[in-house]
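# Structure assessment
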Amino acid sequence: MLLEPFSALQNFFPVFLAAGLFFIGMTGVLMRKNLLIILMSLELMLGAVNLNFLSFAKIYGFESAPVYIFFIICIAAAEAGVGLALAVRVYKKFKTVDIEALNFLKE
Amino acid sequence: MLLSLILPPLIGFLINALRFNSPHKKLSGGIAVSACLFSFLTAVFYALKSGFAPSSFYLFPWFKVGNLSLNFSFLIDSLSLLMCLLITGVASLIHIYSLSYMSKEEGLTRYFAYLNLFVFMMLVLVLADSLPLLFVGWEGVGLCSYLLIGFWFKEEEKTQAGLLAFIVNRLGDACFLLGIFFLFFHLGTFNFSEINALFKSESYSSSSALFLAPILIFLGATGKSAQIPLYFWLPKAMAGPTPVSALIHAATMVTAGVYLLVRLSFCYMAFPQVLEGIAWVGAMTALGSALIACNSWDFKSVLAYSTISQLAYLFIAIGVKAFSASIFHLLTHGFFKALLFLCAGSVIHALSGEQDIRKMGGLKRSLPVTYLTYMIGALALMAVPPFSGFFSKDEILWSLFSSKNYALFFIAFFTGLLTCFYMTRLTALVFFGKQKTKPHREESGLNFPLIALAVLTALSGVLGIPHLISDFLPFQPPHILHELLKDFSPQAFKGSKGQEALVMLLSTATGLVVIGGAFFLFLTNKKIPIPSSLKIALESAFFVPKGVLYIQTLFKRISLEAFQRIEINFFNQSLAFLISQILSLKTVFSKLQNGNIQSYALYFTIGLTVSMILIFLT
């Protein structure tokens, strides 16, 4: 099989996937200029963390992990609500969602 | 017991320092005076109870470094108890004097707080049983001196004078500290009794490196006691209030150097060459400052140079191992110079701040109490019997003569004549002759300390009546100071009675002749035809002070300007370099803080990553 040499790592594939997702999200947060896309990237990072948590829980046999996952999903949803509301307020006030224009704290 | 001696001034200082803005100004003087008097009474009580027996008090451990552990402990023996009595006694009187002298000042509470702190630090200095603890007091009195010279900090000249005193003392202190380290390096102890015991039991003169320690410590003493080469700060220090000049810059603090040398007497006796150097430095200082005093027109400045000259006598006496004579003159000088300064304060007060003696005159009648007490002080300074100065100065002269240091004896003798000359000049110009300025009335509050000090000045000679005189007296009083200070100067000065009488009579008689001549000269004020040759001689004599003044500026140049050079070239430039570096860093860091949220998030990520990597690596 093609993946034979990596069979020892088989259980860790979801972890690598989570790491990839996390880096994609992080790059989005750090690079994109649109506030909405940054919020989406944040959600991606949260999802990556969830996946990471779940896969480690499966590897080490941690049964009650899904409970925590639901907690995180709840909080992520709340955070998305607050974040989107903030984004709407920002747009109404400044007529833009470009993060580079929002640098009033400079000096 | 010890705590009630040493703590009241500290408590007084703390109270006054905490309430320095309080509107009840009168109260601060009461607090300060009672604190000081309490200490004085304790000292008197202790002296009577213990009979000057040595004892030591351990308070608490101070610090522990390696195998050195240092305690906060004090030593009371005859020397430190005598110093305590002098300090607290004179300080109490000067506190009382300040009550009315300074009553109209704005910063009265601050003044009394500083004064109390000074007394506390001085007590720490004289009671310390180890060099580091003494150094604490040493620095403390230096600080108080600086604060009190610059008491009127709104006038730039006075703050400058305070700074000068502080910086010059700093130079001396640096030497002193090096000397302490040298001693410790070679002896392994800071404790006075252990140091003296080591020097008593072994001979150290062969080891050349230790030779530096007494020299460096002496340099420190020259800074505090205003001797060549670090003496020029003292006349400037007269910018402070007059009671401060009396207490700090005449009676107590400036004698700290002498006290230190006597405390380490066995260390100094191991190095006769160093002692000889000390004696010659003292002789030069005595002569030079007496000459300047002859040519000065400022009341306090004359007294300041006279102080330097008298302190130099103490060093000459130490130089010939006459430690008890030195302490004797220290005590009597403390009394009469404090008295003279307080009289000067009364005169200046009565003339609303006038200090130039050319504008004074004929104050004898309008200031009777000041005049009488001043005369006692001046006669004591001029060593006229039976006042105290006569006994102490005669003892120094006799110890010089009997130890066969004839050159030193001659210089000290001649300086004594100069002392008679300038003091007579001062007296004649201020109290006799025509009245030039109308004085205010004497304040009764100023008179009590003057009278008390005058009594002390007149009577403190009984501490050391020479055998030559006491043999004739009915109950043959012993030489009290010799008995008390036996441990510090084992050497007795012996010579034939005829010589002793000759020295005594010669110095007294010539002194009286000079006093009479100078009095005549200044009172008649050139109405008598002075022979032209004498006039030329006198005028040429006045060139000498100018030369001395030139040397003084030279000293100032060398020590202060060298210091300034170092400061400008090294400290300022290295500091400027450091500042420019910091400024260039500023531009880098301000670029980092650009207000963009995403770059902040980037820093956060980088920081987190780096710390994660570090955690995994370790």
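Here, every reference points to the structure presented above.
Notes on the structure in this doc start here. Only a predicted model underlies this, so the values are computations on that prediction, with no experimental measurement involved. Residue positions are given per chain, counting from 1 as you read along its sequence in written order. Key to labels: chains lettered from A, ligands numbered from 1, both in the order written. With pLDDT at 70 or above as the cut-off, local features in this predicted model cover only qualifying residues; side-chain atom pairs require 80 or more to be listed or tallied, and sums for whole chains, interfaces and linings still use all residues. As a rule here, side-chain values cover all heavy atoms of the structure and leave hydrogens and water aside.

### Thoughts on the pairing of strand β2 (residues 68-76) of chain B
Residue and element names in this part refer to chain B. In terms of burial, β2 is largely enclosed, as seven of its nine residues are buried. Where strand β1 (residues 55-65) and β2 come together, nine bridges link them in antiparallel fashion. Residue Phe 60 lies in a different strand from β2, and its bridge partner there is Phe 72. Between any two strands, at least two bridges found by DSSP are needed for them to pair. Working definition: helices are DSSP H or I runs of at least four residues, strands are E runs of at least two. Numbering for both runs from the N terminus. Here β1 hands over to β2 after two residues, with Gly 66 in that stretch at a positive phi of 60 degrees. Three exposure classes are used, based on accessible area relative to the maximum for each residue type with a 1.4 Å probe and protein chains only: buried under 20%, partly exposed in between, and exposed over 50%.

### Focus: a nonpolar patch on the surface
Residues and elements named next belong to chain B. A contiguous nonpolar surface patch, about 800 Å² in accessible area, is contributed by Leu 585, Phe 589, Leu 592, Tyr 600, Leu 602, Tyr 603, Ile 606, Val 610 and Leu 614. Of all the elements in the fold, those that place two or more residues in the nonpolar patch are α23 (532-592) and α24 (597-617). The element best represented in the nonpolar patch is α24, accounting for six residues. Its place among the elements puts Tyr 600 in helix α24. Only residues whose relative accessible area exceeds 30% and that form no salt bridge are eligible for patches; like-charged ones are grouped when within 9 Å, while nonpolar side chains (Val, Leu, Ile, Met, Phe, Trp, Tyr) are grouped when within 5 Å. Note that accessible areas follow from Shrake-Rupley with a 1.4 Å probe, and for residues the cover is restricted to the protein chains shown. The salt bridge criterion pairs a side-chain nitrogen of Lys or Arg with a carboxyl oxygen of Asp or Glu, the two atoms within 4 Å.

### Topic: unusual backbone geometry
All names here are of chain B. Across the junction of Pro 385 and Pro 386, the peptide omega takes the value 5 degrees, indicating a cis bond. You can see Pro 386 is positioned in the loop between α16 (368-381) and α17 (388-402). One non-glycine residue, Ala 226, adopts positive backbone phi at about 55 degrees. With respect to the helices and strands, Ala 226 occurs in the loop between α8 (212-225) and α9 (233-236). Classification of Ala 226 by relative accessible area gives buried; the value is 0%. Backbone geometry places Ser 352, a non-glycine residue, at a positive phi of 50 degrees. Relative to the assigned elements, Ser 352 resides in the loop between α15 (323-350) and α16.

### Things to note about the pattern of salt bridges
By the definition in use, this model includes five salt bridges over all chains. Through salt bridges that share partners, Glu139(B), Arg170(B) and Asp173(B) make up one connected network.

Interpretation in functional terms is not warranted from these geometric data alone.
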